[in-house]
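Structural characterization, general
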Amino acid sequence: MTTPAPKADVDREMRPAGDSRRKILEATMKRFQYQGNALIEVLHKAQELYGFLSPELLSEVAQRLHLPPSRVYGVATFYHFFSLAPQGRHSCTVCLGTACYVRGAAILLRELETLSGIKAGHTSPDGQLSLLTARCLGACGIAPAVVLDGEVIGHADRSDLTARIRSLLGREE
């Protein structure tokens, strides 16, 4: 039978010297007193610090909050605002809710997939663009809606949107 590592050793393994992100994440968990009901807040902070939630990071959060890894993974995959893979420098999220879909969101998405050479849910090989979808952005009155680098674009138009993407990617035509 093996004995668990002393707490100081565990802390050193999780916070390599020089990585202030680990210290910030640890402070966030401490602020919530390592309570499991703070999971969403802790995952938000982790993603803010690291850009995405790696399997190692999810495992660390589970351990520190004394939660089963399956619960942490379940929460991270349930909410669309969490990402389990590195995201591109730019992101484009197309709403596929009913109002947006009826007003041409699927056509916009196909156009963007063709333009970028990637399928929805993926990031371009050069790391420049992540093309994402959302079930609903709550912007039905301005459908179809697209979020491009945090900016909501209402009544999204194919030619305007493709011009914006080309500009972001340096593919002016």
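Residues numbered from 1 in each chain as written. Predicted model: local features only at pLDDT ≥ 70, side-chain atom pairs only at ≥ 80, totals over all residues. Heavy atoms only, no water.

**Notes on unusual backbone geometry**
A cis amide bond, omega -5°, links Ala143 with the succeeding residue Pro144. Turning to its location among the elements, Pro144 is positioned in the loop between β3 (129-134) and β4 (146-148). Positive phi outside glycine occurs at His66, with the angle close to 55°. On the secondary structure map, His66 appears in the loop between α4 (55-64) and α5 (69-78). Unlike most non-glycine residues, Asp149 shows phi in positive territory, near 50°. Mapped onto the secondary structure, Asp149 falls in the loop between β4 and β5 (151-153). Overall, the relative accessible area of 38% leaves Asp149 in the partly exposed class. (Helix = DSSP H or I, 4+ residues; strand = E, 2+ residues; numbered from the N terminus. Buried < 20%, exposed > 50% of the residue type's maximum accessible area, 1.4 Å probe, protein only.)

**Things to note about the packing of helix α3 (residues 39-50) against α5**
One way to put it is that α3 packs onto α5 with a least axis distance of 11 Å and a crossing angle of 70°. Classified by the angle their axes make, α3 and α5 are roughly perpendicular. Judged by the sense of rotation from one axis to the other, the crossing of α3 with α5 is right-handed. Facing Leu39, Ile40 and Leu43 of α3, the residues of α5 in contact are Arg71, Val72, Val75 and Ala76. Among the residues forming the contact of α3 with α5, the class breakdown is six nonpolar, no polar and one charged. (Axes fitted to C-alpha atoms, helices over the stretch in contact; angles between N-to-C directions. Parallel < 35°, antiparallel > 145°, perpendicular 65-115°, else oblique. Left-handed = near helix turned anticlockwise from the far one by under 90°. Contact = heavy atoms within 4.5 Å. Nonpolar A, V, L, I, M, F, W, Y, C, P; charged D, E, K, R; others polar.)

**A look at the sheet that holds β3**
One key point about sheets: their strands pair by backbone hydrogen bonds, in either a parallel or an antiparallel sense. Across the sheet, which stays open at both edges, the five strands sit in the order β2-β3-β1-β4-β5 with mixed pairing between neighbours. Looking along the sheet, the strands with just one partner apiece sit at the ends: β2 (122-123) and β5. Summarising the sheet, strand β1 (residues 90-95) and β3 pair through six bridges and their orientation is parallel. Note on β3: the bridge partner recorded for Cys95 is Ala134. (Pairing = 2+ DSSP bridges.)

**Focus on the packing of aromatic side chains**
Applying the stated criterion to the full structure yields four aromatic pairs. Judged by centre distance (4.9 Å) and plane angle (90°), the rings of Phe78 and Tyr79 are edge-to-face. Overall, Tyr79 belongs to the partly exposed group, its relative accessible area being 30%. Where Tyr79 meets Phe81, the ring centres are 5.4 Å apart and the plane angle is 15°; that geometry is what we call stacked. Classification of Phe81 by relative accessible area gives partly exposed; the value is 36%. (Phe/Tyr/Trp six-rings, centres within 6.5 Å; stacked < 30°, edge-to-face > 60°.)

**Some words on the pattern of salt bridges**
For the structure shown, the criterion picks out seven salt bridges. The partner of Arg22 in a salt bridge is Glu60, with the nearest N and O atoms 1.9 Å apart. Here Arg22 is found in helix α2 (residues 20-31), whereas its partner Glu60 is found in helix α4, with 38 residues between them in sequence. On the accessibility criterion, Glu60 (7% relative accessible area) is buried. With a shortest N-O distance of 2.5 Å, Glu26 and Arg64 are connected by a salt bridge. Taken together, the residues Glu26 in helix α2 and Arg64 in helix α4 connect sequence positions 38 residues apart. Of the two residues, Glu26 and Arg64, both sit in the buried class. (Salt bridge = Lys/Arg side-chain N within 4 Å of Asp/Glu carboxyl O.)

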